[in-house]
Amino acid sequence: MTALGILLLLPQLLLGWLLADFLSGVLHWIEDRFGPGREHWPVLGRLIFTPNIIHHADPTAFLRTGFVERNWTTWAAVLPIAALMLIALGSQVWIWTAAIAGAFASEIHAWAHRKTMAPRWALWLQSIGMLQSPRHHALHHVPDHRRHYCIISDWVNPVLDHFEFWHHLEQLLPKGLIR
Ligand SMILES: [Zn+2]
Ligand SMILES: [Zn+2]
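Now for a look at the structure at hand.

Conventions used here
Residues numbered from 1 in each chain as written. Chains lettered and ligands numbered in written order. Predicted model: local features only at pLDDT ≥ 70, side-chain atom pairs only at ≥ 80, totals over all residues. Helix = DSSP H or I, 4+ residues; strand = E, 2+ residues; numbered from the N terminus. Rg over C-alpha atoms; globule rule 2.2 N^0.38 Å. Buried ≥ 20, exposed ≤ 12 C-beta atoms within 10 Å, placed from the backbone. Contact = placed C-beta atoms within 7 Å. Axes fitted to C-alpha atoms, helices over the stretch in contact; angles between N-to-C directions. Parallel < 35°, antiparallel > 145°, perpendicular 65-115°, else oblique. Nonpolar A, V, L, I, M, F, W, Y, C, P; charged D, E, K, R; others polar. Expected span 1.5 Å × (residues − 1). Bend = angle between axes of the 7 residues up to and from the residue.

1. Re the overall build of the protein
Turning to step 1, where the next piece is worked out: Summing up its helical and strand segments, the protein has 9 helices and 0 strands in all.
Turning to step 2, where the next piece is worked out: Beginning at the N terminus, the succession of helices and strands in the protein can be written as α-α-α-α-α-α-α-α-α.
Turning to step 3, where the next piece is worked out: Relative to the 2.2 N^0.38 estimate, which gives 16 Å for 179 residues, the radius of gyration of the protein is 17 Å and therefore close to what a compact globule would have.
Turning to step 4, where the next piece is worked out: For the protein, the C-alpha atoms occupy an extent of roughly 55 × 40 × 35 Å along the three principal directions.
Turning to step 5, where the next piece is worked out: Burial analysis of the protein (179 residues in total) assigns 27% to the buried set.
Turning to step 6, where the next piece is worked out: Taking contacts inside the protein between residues at least 6 apart in sequence as the whole, the part at least 24 apart equals 57%.

Rendered as structure tokens:
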């Protein structure tokens, strides 16, 4: 690949990474704001909403599970979203980047909770914010858990929080939909 080719690739890689981070925030926001009170729901309640509520109460509980148990619900969400995008838009570097980053969102989140689980290269990526750093993620765990929903990098949350994105989104929704 030529230097120009690599140069043209970088924006696509960055776009995919940031898109995955944003979508991780959307899914996490749904879990946090739609899930409470709906833990009894079949499938989503047991597999998504309940573990999410437990995570706020006991943030390190999910670190005591295995790799597959910690990640499979994320894969179940990423797979159809990525497949739909690939079918609709064709094979694009930014979609593959987003799919791969999204598939590892839960594990990146785990590394933000326990640095000792992260490989050495991941610690370096945390230090530049490409992977979410423990200090950054800790801001989500400050009650009432209403900011820093994105869990892949340190780069998207400040922009969304600056524009009060989640607050404005919630204003658009019918009352009673979110808790
Ligand atoms: Zn949360
Ligand atoms: Zn967390």
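Continuing now.
2. Some points on the packing of helix H3 (residues 67–89) against helix H5 (residues 105–113)
Turning to step 1, where the next piece is worked out: Packing of H3 against H5 leaves a shortest axis separation of 8 Å and a crossing angle of 135°. Compared by their axis directions, H3 and H5 come out oblique. Along the contact surface, H3 presents Arg70, Asn71 and Thr74, while H5 presents Ala105, Ser106, Glu107 and Ala110.
Turning to step 2, where the next piece is worked out: Per-class residue counts for the contact of H3 with H5 are 2 nonpolar, 3 polar and 2 charged.

3. Description of unusual backbone geometry
Turning to step 1, where the next piece is worked out: Cis geometry marks the peptide bond from Pro143 to Asp144, where omega comes out at 15°.
Turning to step 2, where the next piece is worked out: Looking at where Asp144 falls in the secondary structure, it is placed in the loop between helix H7 (134–138) and helix H8 (157–162).
Turning to step 3, where the next piece is worked out: Here the phi dihedral of Val43 falls at roughly 60°; this positive angle occurs in a residue that is not glycine.
Turning to step 4, where the next piece is worked out: Tracing the sequence through the fold places Val43 in the loop between helix H1 (3–34) and helix H2 (44–57).
Turning to step 5, where the next piece is worked out: Although it is not a glycine, His148 sits at a positive phi angle of roughly 55°.
Turning to step 6, where the next piece is worked out: Residue position: His148 is located in the loop between H7 and H8.
Turning to step 7, where the next piece is worked out: Take His148: there are 23 C-beta atoms within 10 Å of it, and that puts it in the buried class.

4. Observations concerning the environment of Leu13
Turning to step 1, where the next piece is worked out: Considering the arrangement of structural elements, one finds Leu13 in helix H1.
Turning to step 2, where the next piece is worked out: Using a count of 16 C-beta atoms within 10 Å as the deciding quantity, one classes Leu13 as partly exposed.
Turning to step 3, where the next piece is worked out: Sequence separation between Leu13 and Gly45 is 32 residues, and the spatial gap between their C-alpha atoms is 34 Å.
Turning to step 4, where the next piece is worked out: Apart from the residues within four sequence positions on either side, Leu13 is in contact with Val93 and Thr97.

5. A few points about the packing of H3 against helix H4 (residues 93–103)
Turning to step 1, where the next piece is worked out: Packing of H3 against H4 brings their axes to within 9 Å, and their N-to-C directions diverge by 175°. Taken together, the axes of H3 and H4 are roughly antiparallel relative to one another. Between H3, through Thr74, Trp75, Val78, Ala82, Met85, Leu86 and Leu89, and H4, the contact on the second element is made entirely by Ile95, Ala99, Gly102 and Ala103.
Turning to step 2, where the next piece is worked out: Across the contact of H3 with H4, the residue classes break down as 9 nonpolar, 2 polar and no charged.

6. Focus on the environment of Trp75
Turning to step 1, where the next piece is worked out: Note that Trp75 resides in helix H3.
Turning to step 2, where the next piece is worked out: Spatially, the C-alpha atom of Trp75 lies 9.3 Å from that of Ala105, the residues being 30 residues apart in sequence.

7. Regarding H2
Turning to step 1, where the next piece is worked out: Under the 1.5 Å per step criterion, the end-to-end length of H2 is 19 Å for 14 residues, consistent within 8% with the ideal 20 Å.
Turning to step 2, where the next piece is worked out: The largest bend along H2 reaches roughly 25° and is located at Thr50, with the proline Pro51 sitting one to four residues downstream.

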